[in-house]
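Geometric and topological summary
Chain residues, written in single-letter form:
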Amino acid sequence: RIFFSPARTGDEEIGGMELGGKLHAIHPSAYRASKSSAVRWTRRMGARRGSRSLAKGSESNADVIRKVIGLQEDAKLTAVELSAGFCNQVMLVKRIAYDGGEEALVVKLYSNLALLRTEQRQRGLVDKKLSDLNMGSQLVASTNEGIAHRYLEGRILTEEDMHTRADICAATARLVAKFHLLEVPPQFDDATSPLLWKWLNRMLDEMRVSSNVDSLPAGIELPVLRREVEVMANTVEKMGFSVVLSHGDLKPSNVMLLGDNRVDDDVRLIDLDVRLIDLELAGPNYRGFDLAKLFRIDPYRFSEERFSEFLSVYCETAKVDESLAKEIEKETKVCLPLVHLEAAVFFALAVAMGQDFGGPSSDKARWEALLRDRWAKYMASKATIDVFRDVM
């Protein structure tokens, strides 16, 4: 087991809530290379001490967390910041459970950027569905300010896992196939309309009204981004791709592995426990968009063998003819440029809006570098759509 302890130096008491500036992972003597979800989260989100609160209004984080999990003002709890990422703020919160013991929760406080891309009536719906089906972490509470789940002991997947671990690849294929078979909740107005285009247009519209929009790099200005989104939408919508209940941000790091015991040479018989996390963007979307994010990696590290095995297990789990695997492969490869374009628009908004969305101004260079990287990958991959359009 891995135990977590808030750092004692520099902690502060805020309204009966202890806020730890750092997270200490205490490993047993049998040290393992695999990290807990908390440590992974901290590293991938680039958490920093003193980052600006992403909660809206004048409420403290303590107030917002209490509101999310339904605690009274005088109730004490401890919290350690797991991430200070640009989109959402994630806290490891410990509260007293009904039986008197301590209960560990992961509480996510939504940023303005997360709220921009989602609707209030839809937040938490897919989390609840997957919680009930043991396909995600157990939902504790969901409000307009944030969402809380029970803490899961395990680790998040990496890109390398998807391209080197046949057992993890197969387990993830089964999980994603079962997820894609679920019905889209009726609170989504049109189960056949992909959310991707709504997200992109909302982010572009937000950039348009920003006083800082002229800060976008040359060649990646707002009119250029809007033109590319319109071209991609017109092209891809004509291809008639399957729209399913999708994760919306299915990076490997949004899949949790709760056990890692290899017990059989046949990867189809290994029952690894994998769960989906970070579901606030879930809803109707292209099946291929999910899979493209899951297998996105530098071309020289991409494993065609793992991807083919994934599609085989995916089709078997979905009870569809394996001949459909070729069609899903095409959908996935066509959607890869969309993955890069969506990321480029996201980082362009980060550059244009800066502190308006909680990002410290000192991060502008980081967001601009990420924008340039995703834009270059989009430009390098968008010809893929023309290649597959001719054969579909």
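Thresholds, definitions, all that
Residues numbered from 1 in each chain as written. Predicted model: local features only at pLDDT ≥ 70, side-chain atom pairs only at ≥ 80, totals over all residues. Heavy atoms only, no water. Axes fitted to C-alpha atoms, helices over the stretch in contact; angles between N-to-C directions. Helix = DSSP H or I, 4+ residues; strand = E, 2+ residues; numbered from the N terminus. Parallel < 35°, antiparallel > 145°, perpendicular 65-115°, else oblique. Left-handed = near helix turned anticlockwise from the far one by under 90°. Contact = heavy atoms within 4.5 Å. Nonpolar A, V, L, I, M, F, W, Y, C, P; charged D, E, K, R; others polar. Pairing = 2+ DSSP bridges. 1 Å grid on protein atoms, 1.4 Å probe; cavity = no way out; pocket = protein on both sides within 12 Å on 5 of 7 lines; lining within 4 Å. Points joined across faces, edges and corners; volume = space filled by probe spheres on them. Phe/Tyr/Trp six-rings, centres within 6.5 Å; stacked < 30°, edge-to-face > 60°. Buried < 20%, exposed > 50% of the residue type's maximum accessible area, 1.4 Å probe, protein only. Core = buried A, V, L, I, M, F, W, Y, C linked by side-chain atoms within 4.5 Å. Salt bridge = Lys/Arg side-chain N within 4 Å of Asp/Glu carboxyl O.

**Some words on the packing of helix α6 (residues 166-181) against helix α9 (residues 287-295)**
Running from N to C, α6 and α9 cross one another at 160°; their axes reach a closest spacing of 12 Å. It follows from the interaxial angle that α6 and α9 lie roughly antiparallel. Viewed along their axes, α6 and α9 form a crossing whose handedness is right-handed. Facing Cys169, Thr172, Val176, Phe179 and His180 of α6, the residues of α9 in contact are Arg287, Asp290, Leu291, Leu294 and Phe295. Within the contact of α6 with α9, the residues separate by chemical class into six nonpolar, two polar and two charged.

**Observations concerning the pairing of strand β8 (residues 139-142)**
Where β8 lies against strand β9 (residues 146-150), three bridges are found, and the strand directions are antiparallel. Paired with Ala141 across the two strands is Ala148, which belongs to β9. Where β8 folds back onto β9 in an antiparallel hairpin, the turn is made up of three residues.

**Things to note about the layout of surface pockets**
Taken as a whole, the second largest pocket spans an internal volume of roughly 520 Å³. Lining of the second largest pocket is provided by 19 residues; of these, Arg296, Ile297, Pro299, Leu336 and His340 occupy positions nearest its centre. Looking at the lining of the second largest pocket, the elements with two or more residues in it are α9, α10 (304-318), α11 (324-353) and α12 (364-381). Tallied by class, residues from the lining of the second largest pocket come to eight nonpolar, four polar and seven charged.

**Let's talk about the sheet that holds strand β13 (residues 274-276)**
As summarised here, the arrangement of the three strands in space is β10-β12-β13, forming an open sheet in which the pairing is antiparallel. Both outer strands of the open sheet, β10 (155-156) and β13, are each paired with one neighbouring strand and no more. Pairing geometry for β10 and strand β12 (residues 255-257), over two bridges, is antiparallel. Following the sheet pairing, Arg155 is matched in β12 by Leu257. Lying on the sheet, α6 is in contact with β10, β12 and β13; it crosses β13 at an angle near 40°.

**Some details on the packing of aromatic side chains**
Counting across every chain of the model gives nine aromatic pairs. Judged by centre distance (6.1 Å) and plane angle (25°), the ring pair of Phe310 and Tyr314 falls under stacked. Taken together, the residues span about one helical turn, with Phe310 and Tyr314 both in helix α10 at a distance of four residues. Across this residue pair, the class does not change: Phe310 and Tyr314 are buried. One aromatic cluster in this structure is built from Phe295, Phe302, Phe307, Phe310 and Tyr314.

**Focus: the nonpolar core**
Across soluble globular proteins, nonpolar side chains show a tendency to be buried alongside one another. Ranked by size, the top nonpolar core spans 90 residues in total, and within it Trp197, Met207, Leu216, Leu225, Phe310 and Val345 carry the most contacts. Ranked by residues supplied to this core, first place goes to α11 with 18 residues. Apart from residues no more than four positions distant in its own chain, Trp197 is found in contact with Val229, Met232, Ala233, Val236, Glu237, Tyr286 and Leu338. Ile69, Met91, Val107 and Leu109 belong to the second-largest nonpolar core, a separate cluster that totals twelve residues.

**A few points about the pattern of salt bridges**
Applying the stated rule across the entire model yields 30 salt bridges. Measuring nitrogen to oxygen at the nearest pair gives 2.8 Å for the salt bridge that ties Asp189 to Arg121. With Asp189 in the loop between α6 and α7 (196-208) and Arg121 in the loop between α3 (112-116) and α4 (125-132), the pair connects residues that are 68 residues apart, well separated along the chain. Look at Arg121 and you get partly exposed, because its relative accessible area is 43%. With its nearest N and O atoms 2.9 Å apart, the salt bridge here joins Asp167 to Arg165. Looking at Arg165, the relative accessible area reads 10%, which means it is buried. A single salt-bridge network, built from bridges that share partners, covers Arg117, Asp249, Lys251, Lys293 and Glu342.

**A short note on the pairing of strand β7 (residues 102-110)**
Across the nine residues of β7, seven count as buried, placing the element largely inside the fold. Judged from the five bridges that link them, β7 and β9 form a sheet pairing that is antiparallel. Within β9, the residue paired with Val106 across the bridge is His149.

**Thoughts on the packing of helix α8 (residues 222-237) against α11**
Helix-helix packing is characterised by the crossing angle of the two axes and by the distance between the axes. Direction vectors running N to C along α8 and α11 enclose 150°, while the axes themselves pass 11 Å from each other. When the axis of α8 is compared with that of α11, the two are roughly antiparallel. The hand of the α8/α11 crossing is left-handed. Judged by residue contacts, Leu225, Glu228, Val229, Met232 and Val236 of α8 engage Leu338, Leu341, Val345 and Ala348 from α11. Looking at the contact of α8 with α11, its residues break down into eight nonpolar, no polar and one charged.

These results come straight from atomic positions and should not be treated as a statement about function.
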